[in-house]
Amino acid sequence: MTPSASHGRSHPAHQATGGDGAAPQQALWRTVFAGLFGNLLEWFDYGVFSYLVGPIGAAFFPSDQPELQMAKAWLIFAIGFFARPLGGIILGRLGDVRGRQWLLTISVSLIAISTLVIGCLPTYSQIGVAAPIILILCRLTQGFSLGGEFTGSMAYTTEHAKPFMRG
């Protein structure tokens, strides 16, 4: 008797795969693409933010000291990392309840929207102190979403892999 049979209902992964753990080819490629897209957004953000830390610091933190502007920009960059564990816990739990595909859709959407907002965000000279506040909120949203996306992507990919390919 399988573990899912003992509960009187089948596991969602078994429903989608016919019970043997092997996902249909199309669903497998969709899963791989979703994980790839989330990781692509994450590394895109790293690269662009790191490359533009000087101009970001100057645009969002007015100061006579360029070193202080850059330090503040790096601090904003780091803020996203502090939100990751919280995102992994909260979004991971929601992924367990509502489904991994839902989780990936929500987390990748939040990452994309917050990245877009950062790209379109007016500077300090245009909207004042609201600019760095919005930047901080976007970085927190990115970090929170990435925490959920990474764990959800790994679990979703593992659940849909053939049993001998899961490692």
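Residues numbered from 1 in each chain as written. Predicted model: local features only at pLDDT ≥ 70, side-chain atom pairs only at ≥ 80, totals over all residues. Heavy atoms only, no water.

Quick notes on empty space enclosed by the protein
To find leftover empty space, one rolls a probe the size of a water molecule over the atoms. One pass over the structure, following the stated rule, counts one cavity of 30 Å³ or more. Taken as a whole, the largest cavity holds about 40 Å³ of empty space. Lining the largest cavity, in full, are Asp-45, Tyr-46, Gly-80, Phe-81, Arg-84, Arg-139, Gln-142, Gly-143 and Leu-146. Listed by contribution, the elements that provide at least two residues to the lining of the largest cavity are α3 (25–51), α5 (66–98) and α8 (130–160). For the lining of the largest cavity, the leading source of residues is α8, giving four residues. When the residues that make up the lining of the largest cavity are grouped by side-chain class, the tally is three nonpolar, three polar and three charged. (1 Å grid on protein atoms, 1.4 Å probe; cavity = no way out; pocket = protein on both sides within 12 Å on 5 of 7 lines; lining within 4 Å. Points joined across faces, edges and corners; volume = space filled by probe spheres on them. Helix = DSSP H or I, 4+ residues; strand = E, 2+ residues; numbered from the N terminus. Nonpolar A, V, L, I, M, F, W, Y, C, P; charged D, E, K, R; others polar.)

Thoughts on the side chain of Gln-142
Tracing the chain through its elements places Gln-142 in helix α8. Relative accessible area serves as the criterion here: at 1%, Gln-142 is assigned to the buried category. Within the local environment of Gln-142, its side chain forms a polar contact with the side chain of Arg-139, the two groups lying 2.7 Å apart. Non-local contacts of Gln-142, meaning those with residues more than four positions away in its chain, are made with Asp-45, Ile-111, Ser-114, Thr-115 and Ile-118. (Buried < 20%, exposed > 50% of the residue type's maximum accessible area, 1.4 Å probe, protein only. Polar contact = N/O pair within 3.5 Å; in protein donor to acceptor, adjacent residues only side chain to side chain. Contact = heavy atoms within 4.5 Å.)

Things to note about the packing of α5 against helix α6 (residues 100–120)
Where α5 meets α6, the axes come as close as 7 Å, and the angle between the chain directions of the two elements is 140 degrees. Classed by the angle they form, the pair α5 and α6 counts as oblique. Listed contacts from α6 to Leu-91, Gly-92, Leu-94, Gly-95, Asp-96 and Arg-98 of α5 are Arg-100, Trp-102, Leu-103 and Ser-107. (Axes fitted to C-alpha atoms, helices over the stretch in contact; angles between N-to-C directions. Parallel < 35°, antiparallel > 145°, perpendicular 65-115°, else oblique.)

Notes on the layout of surface pockets
Within this model, the second largest pocket holds a volume of roughly 200 Å³. As for the second largest pocket, its lining consists of 14 residues, and the residues nearest its centre are Val-48, Ile-56, Thr-115, Ile-118 and Gly-119. Elements with a minimum of two residues in the lining of the second largest pocket: α3, α4 (53–60), α6 and α8.

Regarding α4
Listing the buried residues of α4 in full gives Val-53, Ile-56, Gly-57 and Phe-60. Taken around the axis of α4, the buried residues stretch over an arc of 100 degrees, which confines them to a single face. (Arc of directions from axis to C-beta.)

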